[in-house]
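# Report on the structure
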Amino acid sequence: MAIQSLNPATGEVLATFDEYTPEQTNDILTSTATAWKTWRTTTFAERAACLQRAATLLREQKTRLAETIALEMGKPIRQGSAEVEKCAAVCEYYAQEGEAMLAPQPVDGPGRKAYITFEPLGTVLTVMPWNYPLWQVFRIAAPSLMAGNGVVLKHASNVPQCALAIEQIFKDAGCLENIFRTLLIGARQVEAVLDHPSVFAVSLTGSEYAGQKVAAAAGARLKKTVMELGGSDPFIVMPDADLDEAVKVATHSRCGNTGQACIAAKRFIVFDTVYDAFVTRLEESMSRLVIGDPLDQATDMGPMSSTTLRAELQGQIDRCVEAGGTIRMGGATPKGPGAYYPPTIITDVPRTAAICQEEFFGPAALIFSVSSEEEALALANDTPFGLGGSIWSQDEESALAMTSEIRTGGVFVNGLVRSSLHLPFGGVGNSGYGRELGTYGIREFTNVKSVCVG
Ligand code: NDP
């Protein structure tokens with residue numbers, strides 16, 4: 001089966017790659033396993049030097065990498081450049097902080113002396129999506145390498161050039177040969193990768209369906225998993241919110257990356273006293289977005305990653321309307337080439353409609369009106385997902401009190417929900433489990449070993 005790179009802005013096929021055969025895949029896994037035997041004995045300083053060089057290369061090649069991202073999945077070039085910069089930052093962060101995060105921890109009490117160590121275990125398989133084709137990989141690869149593990153990447157089948165570019169970065173950075181490898185394989189080969197004895201864990205970012213399949217396959221082999229799945233983040237606008245700032249961030253959150261982000265704000269829960277003002281201003285703000293060629297520096301919103309996903313989004317929007325929803329703006333697939341879709345606002349969807357329980361992976365905002373804090377919180381939690389959420393209020397104390405009532409892996413007050421280098425990132429419920437980033441992230445794929453004397 002061929003793996004294809006296709007420009008979603010034009011439909012043009014950019015490149016086609018033969019999928020690696022099972023034998024090629026097995027050879028790569030064996031070479032990574034061999035490399036790991038040396039890598040696990042390297043010092044933190046040696047691993048940090050590899051990550052520092054990777055950061056330098058990322059910055060040097062920022063424009064070219066952002067262009068590759070734009071061409072393969074349609075992200076506007078300015079957003080792609082920011083993504084590459086964030087990858088460089090995560091490499092530097094773990095290069096600088098990794099050793100302290102993994103330092104042995106003394107424990108008073110048991111025996112004469114006791115401590116905990118965090119040791120590498122082998123190869124981490126990363127099954128990654130196309131929406132942040134570099135960031136999603138670097139945020140798991142940098143801590144895994146720093147912790148002394150090897151990494152193999154099975155990237156989404158529509159971003160093979162990004163996948164190969166990442167492999168090349170680690171190679172050119174002079175990291176130990178084969179310690180990071182890309183596998184150009186389809187989803188069907190993932191189980192065979194899990195069979196390899198050196199692969200002790202898998203981290204997957206993607207849909208619930210993919211998460212269920214890979215977690216089940218890993219579970220059958222007793223291999224650890226971290227699952228970073230979808231989200232339907234609530235964005236709660238309280239009566240005293242700074243509406244200018246809230247609208248600015250709402251636009252960015254819902255339409256950045258053409259709405260294809262797990263942590264995008266998807267359900268806007270707005271107090272009735274500011275509902276009309278918020279909806280009017282959001283419509284104005286979304287109307288001002290420049291939609292067009294992702295390679296153009298002026299573009300705010302490019303195409304979606306494929307016409308298939310656009311058709312799925314259109315189906316969801318049609319079902320919203322059937323359920324009683326009102327299209328305030330957008331809502332129709334444009335004619336012409338490319339997988340473009342306009343910013344869309346939908347109001348009046350009955351909360352009991354089944355569609356409210358789904359993730360909208362495109363630039364479509366569902367807006368609900370509420371009249372009390374209890375109602376806002378109940379609606380925020382009325383979803384199978386639990387990734388992120390935000391609260392907008394000038395009463396910081398009250399907003400902070402509300403954070404403990406929201407069932408998600410993260411809550412931001414008066415700020416954009418984002419994955420930060422310093423904070424653990426992940427979800428609860430159908431958004432998955434386990435954490436990436438921060439101290440919790442780097443320790444996920446280590447052997448937390450208790451050592452006790454006497
Ligand atoms: P998928 O979840 O299908 O793909 C993500 C990764 O998982 C890809 O590498 C894919 O490989 C792999 N994969 C998919 N199915 C399996 C399987 N059965 N066994 C092993 N690996 C598998 O994402 P899509 O691109 O199809 O997007 C569909 C939906 O997923 C979106 O609408 C959105 O809801 C969600 N999604 C969430 C993301 C997030 O950041 N949380 C990111 C992307 C998507 P391959 O490409 O070869 O199929």
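Above this text you will find the structure in question.
So, here is what we can say about the structure in this document. (Residues numbered from 1 in each chain as written. Predicted model: local features only at pLDDT ≥ 70, side-chain atom pairs only at ≥ 80, totals over all residues. Heavy atoms only, no water.)

Next up on the list: the state of the cysteines. All chains considered together, the criterion is met by one disulfide. Covalently, cysteine 50 is tied to cysteine 175 through a disulfide, its sulfur atoms 1.9 Å apart. Taking the sign of the torsion about the S-S bond as the criterion, the disulfide between cysteine 50 and cysteine 175, at about 80°, is right-handed. With a gap of 125 residues between them, cysteine 50 in helix H2 (residues 44-60) and cysteine 175 in the loop between helix H6 (160-172) and strand E7 (180-182) connect regions that are remote in the sequence. On the basis of relative accessibility, which here comes to 2%, the residue cysteine 50 falls in the buried class. The structure places no disulfide on cysteine 356, whose sulfur is separated from the nearest cysteine sulfur, that of cysteine 320, by 6.5 Å. (Disulfide = S-S within 2.5 Å. Helix = DSSP H or I, 4+ residues; strand = E, 2+ residues; numbered from the N terminus. Buried < 20%, exposed > 50% of the residue type's maximum accessible area, 1.4 Å probe, protein only.)

For the ligand, the set of nearby residues contains 24 residues, the closest of which are Met128, Trp130, Ser157, Ser207 and Glu359. A distance of 2.8 Å separates an oxygen atom of the ligand from a polar backbone atom of methionine 128. A distance of 2.5 Å separates an oxygen atom of the ligand from a polar side-chain atom of serine 157. In isolation the ligand exposes 870 Å². Once the protein is present, 81% of that is buried. Sorting elements by how many residues they give to the shell around the ligand places helix H8 (residues 208-220) first, with three residues. When grouped by side-chain class, the residues that make up the shell around the ligand number 13 nonpolar, seven polar and four charged. (Near = heavy atom within 4 Å. Polar contact = N/O pair within 3.5 Å; in protein donor to acceptor, adjacent residues only side chain to side chain. Areas by Shrake-Rupley, 256 points an atom, 1.4 Å probe, with all protein chains shown as cover. Nonpolar A, V, L, I, M, F, W, Y, C, P; charged D, E, K, R; others polar.)

Another aspect to go through is the sheet that holds strand E14 (residues 364-370). The pairing of strands in a sheet comes from backbone hydrogen bonds and takes either a parallel or an antiparallel form. Here seven strands make up an open sheet; going across it, the order is E12-E13-E14-E11-E10-E15-E16 and the pairing mixed. Either end of the sheet is taken by a strand with one partner, and the two such strands are strand E12 (326-329) and strand E16 (412-413). Bridge analysis of strand E13 (residues 344-347) against E14 gives four bridges, and the strand direction is parallel. Paired with isoleucine 345 across the two strands is alanine 365, which belongs to E14. Helix H9 (residues 243-255) rests against strand E10 (233-237), strand E11 (265-271), E14 and strand E15 (390-392) of the sheet, and its axis sits at about 160° to E11. (Pairing = 2+ DSSP bridges. Contact = heavy atoms within 4.5 Å. Axes fitted to C-alpha atoms, helices over the stretch in contact; angles between N-to-C directions.)

Bringing the sheet that holds strand E5 (residues 123-127) into the picture now. The strand order E7-E6-E5-E8-E9-E17 describes an open sheet built from six strands, whose pairing is mixed. At either end of the open sheet lies a strand with only one pairing partner, and these are E7 and strand E17 (432-433). Pairing of strand E9 (residues 224-228) with E17 involves two bridges; the strand directions are antiparallel. Paired with glutamate 228 across the strands is glycine 432, a residue of E17. Contacts between helix H1 (residues 22-39) and the sheet are confined to E5, strand E6 (150-154), E7 and strand E8 (199-205), with E6 contributing the most and set at about 155° to the helix. Packed onto the sheet, helix H5 (residues 135-146) meets E5, E6, E7, E8 and E9 and runs at close to 160° relative to E6.

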